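Coordinates in review
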Amino acid sequence: MSHAAHELPPAEPAAASKGTIRVLQLYPRDMNIYGDWGNALVLAQRLRWHGYTPELLEYDVGDEFPADVDLIVGGGGQDSGQLVIQDDLLSRASALKQLAEDGTPMLVICGLYQLFGKFFKTRTGSVIPGIGVLDIETHGTDERLIGNVTVSSVEFGSILGYENHSGQTSLGPGVEPLGTTAKGTGNNSSDGQEGARYKNIVASYLHGSLLPKNPALADFLIRTAAERKFGSFTPGTPDDRFAALAREHAARRPR
Ligand code: GLN
């Protein structure tokens, strides 16, 4: 068999980049469970598809906080991981608050969602103070909320993911819910709400990772980052075939 059949077509000349978007992952060493790191990978790939150059940065306990960050993501963690980062996170509270108030797009999942709020009182009674960016509070319970989740959101359509947490979160008047749960529990076992929205922050209990199955959320973060940095966003042509398959599959999963 000739080699020719396997040869790749000549590379297309690279289009000029529309610019660089700096994506910062908060505490990937300690806060990164159920594939949350995949959220940063999706943002990088979709940025490329939209014609932008992604720059992925990481911030862990004790690091220097990078300047000129355009988009922030943070994942979930065990209660023990949350205890490891708590002091460092508090020392960054005013910088993160400033970025949030200025409209920096952010995605915070589960453990960091809780710590972007006022506090997380764990099941064993330790109070982990949060940075108060979000008007929420969280109380650990003996009931773990585990399983697949479908959220109905006016802003983003249906959002699919997976939850596993002991903390139950209640929202104050300063935030809106991300949506309501059609399957699964979400913020707590009483009000049928999931996640929170404030400024350009999307906060959610959903892992999976979340963004591979929810490109509308990824593109909201990217569009917001591009508009803030360059004044406008011109979309490219993402290949959403795998996202569509993943959504179909996830929607069929039992609770
Ligand atoms: N440790 C927290 C809880 O159990 C967060 C868990 C998570 O990030 N999945 O509520």
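Scoring rules and cut-offs
Residues numbered from 1 in each chain as written. Predicted model: local features only at pLDDT ≥ 70, side-chain atom pairs only at ≥ 80, totals over all residues. Heavy atoms only, no water. UniProt positions renumbered as here; feature names shortened; annotations may be inferred. Phe/Tyr/Trp six-rings, centres within 6.5 Å; stacked < 30°, edge-to-face > 60°. Helix = DSSP H or I, 4+ residues; strand = E, 2+ residues; numbered from the N terminus. Buried < 20%, exposed > 50% of the residue type's maximum accessible area, 1.4 Å probe, protein only.

With an unreviewed UniProt entry as reference, the protein is termed Lipid II isoglutaminyl synthase (glutamine-hydrolyzing) subunit GatD, source organism Arthrobacter oryzae. On record in UniProt, under Sequence similarities (unreviewed entry), the comment for the protein is "Belongs to the CobB/CobQ family. GatD subfamily." Listed in UniProt under the heading Pathway (unreviewed entry), the comment for the protein reads: "Cell wall biogenesis; peptidoglycan biosynthesis."

Some thoughts on the packing of aromatic side chains
Scanning all chains against the criterion turns up seven aromatic pairs. Ring geometry for Tyr52 and Phe230: centres 5.9 Å apart, planes at 20°, overall stacked. Of this pair, Tyr52 sits in the loop between helix 1 (37-49) and strand 2 (53-59) while Phe230 sits in helix 5 (residues 215-230), placing them 178 residues apart in sequence. The class for Tyr52 is buried, based on a relative accessible area of 4%. Since its relative accessible area comes to 34%, Phe230 is described here as partly exposed. Centre to centre, the rings of Tyr52 and Phe233 are 5.9 Å apart; their planes meet at 20°, and the pair counts as stacked. Residue Tyr52 is found in the loop between helix 1 and strand 2, and its partner Phe233 is found in the loop between helix 5 and helix 6 (241-252); the two are separated by 181 residues along the sequence. Look at Phe233 and you get buried, because its relative accessible area is 15%. Each member of the aromatic cluster is reached from another via a ring pair, and the members are Tyr27, Tyr59 and Phe65.

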